[in-house]
Amino acid sequence: MQRRKFLKGSLALAATPFLGGCAFGGNGSVKPSLVQNGSVRTSAYWGMMDVSVKDGVVTGSKPLSVLSSIPNPLRGYTADMIYKCRIKHPMVRKSYLENPDSPKPELRGQDEWVQVKYEDAIKLVARELKKTRAQRGLASVYAKSPAWKSSGNFNSSTTLLARFMNLTGGFVGGLGDYSTGAGQVIMPHVMGGIEVYEQQTTWPVVLENSKVVVIWGSDPVATLRVGWTATDELGYKYLEDLKNSDKEIIIIDPIKSLTGNYFDGKAKWIAPVPNTDTAMMLGMAYHLYKTKNYDKEFLESYTVGFDKFLPYLLGKKDGKPKTPKWASKICGVSEKVIKELAVKMYKNRTMIMGGWAMQRAHHGEQPYWMLVTLAAMLGQIGLPGGGFGFSYHYSGGGVPTSTATVVGGINPADIGVIKDGKFKGYAKDVADERLKAEIEEMQAASFPVARIADVLLNPGKTIDHNGKKITYPDIDFIYWAGGNPFGHQQNLNKLKRAWQKPRTVVVNEIYWTPTAKMADIVFPVTTLYERDDISMVGDYSNQYIMPMKQVVAKQNEAKDDYQIFSDLSKAYADGVAEIYTDGAKEPLDFIKSYYDSAAKVINENKALGVKMPKFSEWWEKNEPTKFDSTAENEAWVRHAEFREDPILNALGTPSGLIEIYSETIANMNYDDCKGHAMWMEPAEWLGAKKKSASIHLLNPHPSVRLHSQLGITSLRDTYAVADREPILINTKNAKKLGIKTGDIVRVYNKRGEILAGAVVSDDVSYNVARLCEGAWYDPDEKGVCKNGCINVLTNDIPASKLSNANISHTTLVNIKKFKGEAPELSAFKEPKFSV
């Protein structure tokens, strides 16, 4: 009765016809069907799987193929992903439902939730979105989900959201991402491309030609468990080959990671002080220069600016020569090791496999720039097995590319114009100068994703970014689909305050995540096992084209993102839905079109030796189509063409060469990113004269989740300590603190406090601790996270004015043993519902 009263009193909604069933009746080219008893082959980020079904219920899952002895436990928890912690119905926060114009945003996360009819939720969102744009302008809407997209080419929730938002008027988006925010900004200035997501010199070339392999700041044994589409597992095969080879392997990391333990006895572990990689590299560069163990010819032929970098290296600018002794005092690695490693890398063909962790730090641009500078001094860039790569640990970078044609997917569409409740065409074709000016203002307001809290708290503020000025928009409407900002944003207590500023927050979500609990309107959406899709397997190899058939029926009231946005399009304005759905297509119609386009190209190329059948036959068979790599692709060397002819194959930098010194960056006159790589003291680090805390806390990618995904599954039972996220504490530190394995500990700094479960180990350096990112945020009434979400503690200041990237690895904390009765977790429980 109370819920019906709310609906009657507050939902004075436009009488828009609701789209029943799937958004429109499709052309019926392929009819979906479900297996009630048997198995279904599909794929997820963690690879191809056989999913067992009995009486329409998933009973288990296992890998479709196993290529190495390195275990990947992520694929065994499909049933939990489908049935646990689900949002069952469309829900609206009580205060928002009572009065959307004054919805008490300060109650987000505390208010009760009211179940509503799906069609009423659709009308509510469409109405409030139109209202926001009319009252606050196009730049008041933010719709960016800077996290892992939904697996599958069609059901990319991020793209489906952008498609809806664009067709109805546009939105403010985000720049960059959390993974490589600093790297992808600095590398175009230095190398002419982003490097971090590009193909690497192939593993067969490395295994044949490299003498030394340096894994610097990454944990591929953990991170290769997943791929952006679906992992092909070939990265594991090549890691196994590397272990069984005669290569000298060096791992540089403050943590002895899964990779360090996998190569234990085979690899040398060097553990620098966190955030000091640049200083260590400078010490190596100084020694190479002074001992004449560097490639002068390469520097003169393929780079610019070494002459401007040299005075800094030699200390002529600041009176501090960057000697191995100088570097050792900063990074904690002995002078002898620094010197020996530098010469070893010069005298042997060396592949430096750089990770992303070192650039997720204050001044995170500097280690990447310095690593390229060091590699240029070695002179091996573009040679087989030499140089550097920043993607060997990600999605199978370095695995040879196959002959497959990449399958297409849904696109985000152009910005549409809505007038008088109707779609009038695309903005690029409309002669309305005032509208075009507003669209330009909206597009110019896009901001680096890690600055979201700063934006919400400081509308109108102007910041420097990569040579430009950005003025923060005044965001009043947020739509989030396919991401979990309360999982990946730093300094969550600040974000929580910022999240109370907008009037409306809408979330499409599978589970009652921390972000869903902090919304106003929530649509329950399907897991990838409850819908059809198609995907490549292997982000660099493109080894398979994989059917992703629906495994089980949609649970409760969950709907595909495609249906939600199709229905929102229909409710928003006449004519939008027809364009959004491309003439009333159903999901399988899109999937068939992607397949048919790829199959046509493949079948026309007889040399491939692969015959793609008709879609209906391929879909019914439900087996991946495999493609082999070519000898040419297996022998591919990154930057080989540039080395062969730097004039004809110039890089995308202003000079066409590797820019050890960048005039472009120097002319920006930033105090925190100069014209060449430099050691700049981080805001928080163990070498600081005045420290706010005593232990450097690192937060790498977990090996048992994909960020926060899989956090609800029973896999958690295998790693949780005292029902909390585990924190690795050095043995000496633990002894001083009176902590033993199994204890609950308080981890805190000036930004907040969390509880975690202690694991005492020598796999972390002295005064260093490790707590993986991705634990579900679970604050108590005082704001202490009971579940150990590290982003309560992480620093959210920008890396520099150049990138404004996140610096999650620049975090100092204190640790104490928890006393008293441990609080019960509520992270995985449903929120309060209104009766």
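Being a predicted model, the structure only gives us computed values, none of them experimental. (Residues numbered from 1 in each chain as written. Predicted model: local features only at pLDDT ≥ 70, side-chain atom pairs only at ≥ 80, totals over all residues. Heavy atoms only, no water.)

Draft legend 1. Summary view of empty space enclosed by the protein. Counted according to the given criterion, the structure contains five cavities of 30 Å³ or more. Lining the largest cavity we find 13 residues, and of these Asn-275, Thr-278, His-362, His-363 and Pro-367 sit closest to its centre. Elements that contribute at least two residues to the lining of the largest cavity include exactly helix H11 (277-290) and helix H16 (365-378). Taken together, the residues of the lining of the largest cavity sort by class into six nonpolar, six polar and one charged. (1 Å grid on protein atoms, 1.4 Å probe; cavity = no way out; pocket = protein on both sides within 12 Å on 5 of 7 lines; lining within 4 Å. Points joined across faces, edges and corners; volume = space filled by probe spheres on them. Helix = DSSP H or I, 4+ residues; strand = E, 2+ residues; numbered from the N terminus. Nonpolar A, V, L, I, M, F, W, Y, C, P; charged D, E, K, R; others polar.)

Draft legend 2. Just the packing of aromatic side chains, in detail. One pass over the full model with this rule turns up 41 aromatic pairs. Taking the centre distance of 6.5 Å and the plane angle of 50° together, the rings of Phe-309 and Tyr-312 count as tilted. Linking Phe-309 with Tyr-312, this pair stays in helix H13 (residues 306-313), spanning three residues, or about one helical turn. Relative accessible area serves as the criterion here: at 0%, Phe-309 is assigned to the buried category. Judged by centre distance (5.4 Å) and plane angle (50°), the rings of Tyr-479 and Phe-565 are tilted. In this pair, Tyr-479 sits in strand S19 (residues 477-481) while Phe-565 sits in helix H22 (residues 561-572), placing the two residues 86 residues apart along the sequence. With respect to class, Tyr-479 is no different from Phe-565; both count as buried. One aromatic cluster is present, formed by Tyr-142, Phe-447, Trp-480, Phe-486, Trp-499 and Tyr-777 through successive ring pairs. Between the NZ or CZ atom of Lys-237 and the centre of the ring of Tyr-238, over which it lies, the distance is 4.6 Å. (Phe/Tyr/Trp six-rings, centres within 6.5 Å; stacked < 30°, edge-to-face > 60°. Buried < 20%, exposed > 50% of the residue type's maximum accessible area, 1.4 Å probe, protein only. Lys NZ or Arg CZ within 6 Å of the ring centre and 35° of its normal.)

Draft legend 3. Region of the structure containing the packing of helix H6 (residues 183-191) against H16. Look at H6 against H16: their axes get within 9 Å of each other, and the N-to-C directions meet at 30°. The chirality of how H6 crosses H16 is right-handed. Counting all contacts with H6, which are made through Gly-183, Ile-186, Met-187, Val-190 and Met-191, the residues of H16 involved are Glu-365, Tyr-368, Trp-369 and Val-372. Here the residues of the contact of H6 with H16 sort into seven nonpolar, one polar and one charged. (Axes fitted to C-alpha atoms, helices over the stretch in contact; angles between N-to-C directions. Left-handed = near helix turned anticlockwise from the far one by under 90°. Contact = heavy atoms within 4.5 Å.)

Draft legend 4. Structural view of the packing of helix H4 (residues 118-136) against H22. Relative to each other, H4 and H22 sit at 60°, their axes nearing to 9 Å. On the basis of the axis angle, H4 is oblique to H22. Crossing handedness for the pair H4 and H22: right-handed. Across the interface between the two elements, Tyr-118, Ile-122, Val-125, Ala-126, Leu-129, Lys-130 and Arg-133 from H4 touch Gln-563, Ile-564, Asp-567, Leu-568, Ala-571 and Tyr-572 from H22. Of the residues assigned to the contact of H4 with H22, the class counts are nine nonpolar, one polar and three charged. (Parallel < 35°, antiparallel > 145°, perpendicular 65-115°, else oblique.)

Draft legend 5. Expanded view of the nonpolar core. The biggest cluster of nonpolar side chains holds 164 residues, and the ones touching the most others in it are Trp-46, Met-165, Met-280 and Tyr-479. Looking at this core element by element, the count peaks at ten residues for H16. Excluding residues within four positions of it along the chain, Met-165 makes contact with Leu-129, Arg-133, Val-141, Ala-143, Gly-170, Phe-171, Phe-477 and Tyr-479. Membership of the second largest hydrophobic core comes to 61 residues, among which are Met-91, Ala-139, Ala-498 and Cys-785. (Core = buried A, V, L, I, M, F, W, Y, C linked by side-chain atoms within 4.5 Å.)

Draft legend 6. Here's a closer look at the side chain of Lys-494. In this structure, Lys-494 sits in helix H20 (residues 492-498). When near neighbours in sequence (up to four residues on either side) are disregarded, Lys-494 contacts Ala-453, Asp-454, Leu-457 and Asp-796.

Draft legend 7. Representation of the pattern of salt bridges in the model. According to the stated counting rule, one finds 43 salt bridges in the structure shown. Across the pair Glu-623 and Arg-41 runs a salt bridge, and its minimum N-O distance is 3.6 Å. Of this pair, Glu-623 sits in the loop between helix H25 (615-621) and strand S24 (625-626) while Arg-41 is found in strand S1 (residues 38-44), placing the two residues 582 residues apart along the sequence. Taken together, the shared-partner salt bridges in this structure form one network comprising Asp-101, Arg-127, Glu-128, Lys-131, Arg-136, Asp-474, Asp-476 and Arg-503. (Salt bridge = Lys/Arg side-chain N within 4 Å of Asp/Glu carboxyl O.)

Draft legend 8. Geometry of the sheet that holds strand S9 (residues 248-252). If you trace the five strands from one edge of the open sheet to the other, you get S10-S9-S8-S12-S13, paired in parallel fashion. At either margin of the open sheet sits one strand with a lone partner, and together these are strand S10 (267-270) and strand S13 (387-389). Direction aside, the axes of adjacent strands within the sheet are offset by 20° on average. As judged from the three bridges shared by strand S12 (residues 350-354) and S13, these two strands associate in the parallel manner. When the sheet's bridge partners are listed, Met-353 is paired in S13 with Gly-389. (Pairing = 2+ DSSP bridges.)

On their own, these measurements won't tell you what the molecule is for.
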